[in-house]
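Architecture and fold: a report
The primary structure of each chain is shown beneath.
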Amino acid sequence: MDIWNYLEYAAWALSALVAAIMLLDMFRIDTTYDNELLTSSREGELELTQERHEL
Amino acid sequence: MSNTTAAAAQERLGLLRVLGPGHVWALGVGIVLVGEYMGWNFSVGKGGMIAGLVACWVAGLLYTCVAMIDSEVTSTVAAAGGQYAQAKHIVGPLMAFNVGLFLVMAYTMLEAANAITIGFLLDTVAGMLGHSGLNQKPFIILTILALAWLNYRGVLASLSFNFIITAFAFVAIIVLFLSVQFGASAVPLDFSAVSNEPLPYGWLGIVAALHFGLWYYLGIEGTCQAAEEVRSPARSLPFGTMAGIMTLLIAATLTWYVCSGLIPWEYLGNAGTPLFDAARVTGNSGLMVLLFIGTAFATTASANGCINDASRAWFSMGRDRYLPSWFGAVHPHYRTPYRSIVFLVPIALIFALGAPLDQVITFSILSGLLGYTFMTFNMVMFRRKWPLGTIKRGYVHPWHPLPALLLLLICGATYFAVFLGYGTQLIAMLSFYIIASLWFHFWRYRFVRRGDQFTMPWPRPIGY
């Protein structure tokens, strides 16, 4: 066992930790907020308010 | 009634508009600069030093056309999804679906290739320090997951991070060039092969080299994906994209010059990390450390930018119901397309852990090339349907239709080059897109809200 073996284990552990944090946050958001709100984004909202496309 | 509408509008979640031209530059150059650190040199192996330089500049011309065309259209169609949103408004739904897939496949595979490279780099370092047989898998997985998490947490942090590491990697190339020019190298520059063996495989070598010449610039069109998150799309996108292609033209030429002068072309054509190898040839330990960090940073920046771009394209397709609308969700705190980011992680891992590097790179290049071919007729249709003077453009590219025609010509030559080396993959990729198109046309399009997908408040196009 040298430092590279420890780094391999550390990488496995960090990977599992990051995956768990991300999935738990996603689960928390999906169960806390209404799906209608989460998917309410619409393309072109800036266009309607700021970009007039008029010369 | 108006109060209810206003309340609903206030509750709507959208992507966060926080980016400036520097972030656009960091996104485009960040994705691409890894191509200077590895991959481009196979063009030298295909046709020799001269072929490598011709491929560098011909591909540079191709991508200058791409950057000019993209800058004009994107400054007008400022929506996440970039070329997907352009295709939807200018060509039609089936083209848009295909372009969306080209983008997701190109960026996800490039992300996988970058993660594989980081594993390879760490294995190289471990080998140099006396440890053999490093298990690369945990490092590949950690790279993809950590960068996905960074993207999940917010676009400002992820692209500010990209700006810093991309700028470092670019400065490292400049420092290597200046150091070699001013005598810091133990080995002098030697270009005798240019006259002794100008074209070892003849003119066909130049055509074959084109395939890998793309690697110098592949991905600069990714700047368009930030369209919905920049504060001023009409200004920031053209500025960031054009500054990006100028940076890459300088970096590509310096890279060819230093590497070709220091490393014999027979070796350079097969090197895994040419800029790092050039630094090793100089015998200067400071340059070796600098270029190793530059290689690691360029690779990380590319993977980071690819996650950003692939997730925006997937998110846009979900939002328009080209894919299940579940993917069109925005995180209420971080304001990122979090479901798309998470969904694409296992796909990137499958490619990174299960496919050879050259196949992954080739599929990425092919998807990119299909996207460039689309840009040619997209540009012509855009100018025909909405001529200059009918809608406001943030940037107008010169000499239309010359750049579009030139782009089409170079794309044709590059298809031939790819066919020479990877004909089976080209046919497999085209078959995949044909099958996906049939699925979209006969099944998926019935779920699309047809009136909602055209969002730009433009006048009726000419001829309609």
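Details of the structure are given in the entry above.
Attention here is on the structure that accompanies the text.

Calculation criteria
- Residues numbered from 1 in each chain as written.
- Chains lettered and ligands numbered in written order.
- Predicted model: local features only at pLDDT ≥ 70, side-chain atom pairs only at ≥ 80, totals over all residues.
- Heavy atoms only, no water.
- Contact = heavy atoms within 4.5 Å.
- Buried area = accessible area lost by both parts, 1.4 Å probe.
- Salt bridge = Lys/Arg side-chain N within 4 Å of Asp/Glu carboxyl O.
- Helix = DSSP H or I, 4+ residues; strand = E, 2+ residues; numbered from the N terminus.
- Nonpolar A, V, L, I, M, F, W, Y, C, P; charged D, E, K, R; others polar.
- Phe/Tyr/Trp six-rings, centres within 6.5 Å; stacked < 30°, edge-to-face > 60°.
- Buried < 20%, exposed > 50% of the residue type's maximum accessible area, 1.4 Å probe, protein only.
- Expected span 1.5 Å × (residues − 1).
- 1 Å grid on protein atoms, 1.4 Å probe; cavity = no way out; pocket = protein on both sides within 12 Å on 5 of 7 lines; lining within 4 Å.
- Points joined across faces, edges and corners; volume = space filled by probe spheres on them.
- Disulfide = S-S within 2.5 Å.

This part covers the interface of chain B and chain A. The interface of chain B with chain A comprises 56 residues on the first partner and 36 residues on the second. The contact between chain B and chain A buries some 4,000 Å² in all, and 64% of this surface belongs to carbon and sulfur atoms. Of all residues in chain B, the largest losses of buried area upon contact with chain A belong to R12(B), W149(B) and K392(B), amounting jointly to 13% of the total for that side. In this structure, the connection of chain B to chain A is made through 3 salt bridges. Put simply, K88(B) and E43(A) hold a salt bridge, and the shortest N to O gap is 2.9 Å. Put simply, the parts of the chain that give the side of chain B that touches chain A at least two residues each are α5 (83-90), α6 (93-128), α7 (137-153), α14 (285-319) and α15 (338-354) of chain B. A per-element tally of the side of chain B that touches chain A places α7(B) first, with 10 residues. Across the side of chain B that touches chain A, the residue classes break down as 32 nonpolar, 13 polar and 11 charged.

Inspection of the secondary structure puts Y63(B) in helix α4 (residues 42-74). Taking the C-alpha atoms as reference, Y63(B) lies 9.8 Å from L248(B); in sequence the two are 185 residues apart.

Moving on, we get to the packing of aromatic side chains. All names here are of chain B. Tallied over the entire structure, the rule returns 31 aromatic pairs over all chains. Judged by centre distance (4.4 Å) and plane angle (10°), the rings of F97 and F440 are stacked. With F97 in helix α6 and F440 in helix α17 (residues 402-442), this pair connects stretches of sequence that are 343 residues apart. Each member of the pair, F97 as well as F440, carries the same accessibility label: buried. Aromatic side chains F440 and Y445 sit 5.5 Å apart centroid to centroid with 55° between the ring planes, which places their arrangement in the tilted category. No difference in accessibility class separates F440 from Y445, as the two residues are buried. What links up through ring pairs into an aromatic cluster is the set Y84, F97, Y322, W439, F440 and Y445.

Let us now look at the pattern of salt bridges. A complete count under the given rule lists 10 salt bridges over all chains for this structure. Between D25(A) and R28(A) there is a salt bridge, with its nearest N and O atoms 2.9 Å apart. A residue pair is termed a helical-turn pair when its members lie 3 or 4 positions apart in one helix, as D25(A) and R28(A) do in helix α1 (residues 3-32) at 3 residues. A salt bridge links E43(A) to R319(B), with the nearest nitrogen and oxygen atoms 4.0 Å apart. You can see E43(A) sitting in the loop between α2 (35-38) and α3 (45-49) and its partner R319(B) sitting in helix α14, one on each of two chains. A relative accessible area of 7% places E43(A) in the buried class. The buried category is assigned to R319(B), whose relative accessible area is 11%.

What follows deals with helix α11 (residues 233-262) of chain B. Its 30 residues place the ends of α11(B) 42 Å apart at the C-alpha level, agreeing with the 44 Å of an ideal helix rising 1.5 Å per residue. With respect to burial, α11(B) is a largely interior element, 21 of its 30 residues being buried.

The next thing to look at is the environment of D358(B). Its location among the elements puts D358(B) in helix α16 (residues 357-385). Distance in space between the C-alpha atoms of D358(B) and A113(B) is 8.5 Å, their sequence separation being 245 residues.

The next thing to look at is the layout of surface pockets. Where empty space is left can be seen by rolling a probe of water-molecule size over the atoms. Residues and elements named next belong to chain B. Of the pockets and cavities examined, the second largest pocket occupies roughly 330 Å³. Taken together, 19 residues line the second largest pocket, and the ones lying closest to its centre are M38, F42, T117, L357 and I361. Residue assignment for the lining of the second largest pocket shows that the elements contributing at least two residues are α6 and α16. For the lining of the second largest pocket, the leading source of residues is α6, giving 5 residues. Class assignment for the residues of the lining of the second largest pocket results in 11 nonpolar, 7 polar and 1 charged.

All names here are of chain B. Scanning the model with the defined rule gives 0 disulfides over all chains in all. Of the cysteine sulfurs around C224, a residue in no disulfide, the closest is that of C306, at 14 Å. According to the relative accessible area criterion, C224 is buried, its value standing at 2%. Since its relative accessible area comes to 0%, C306 is described here as buried.

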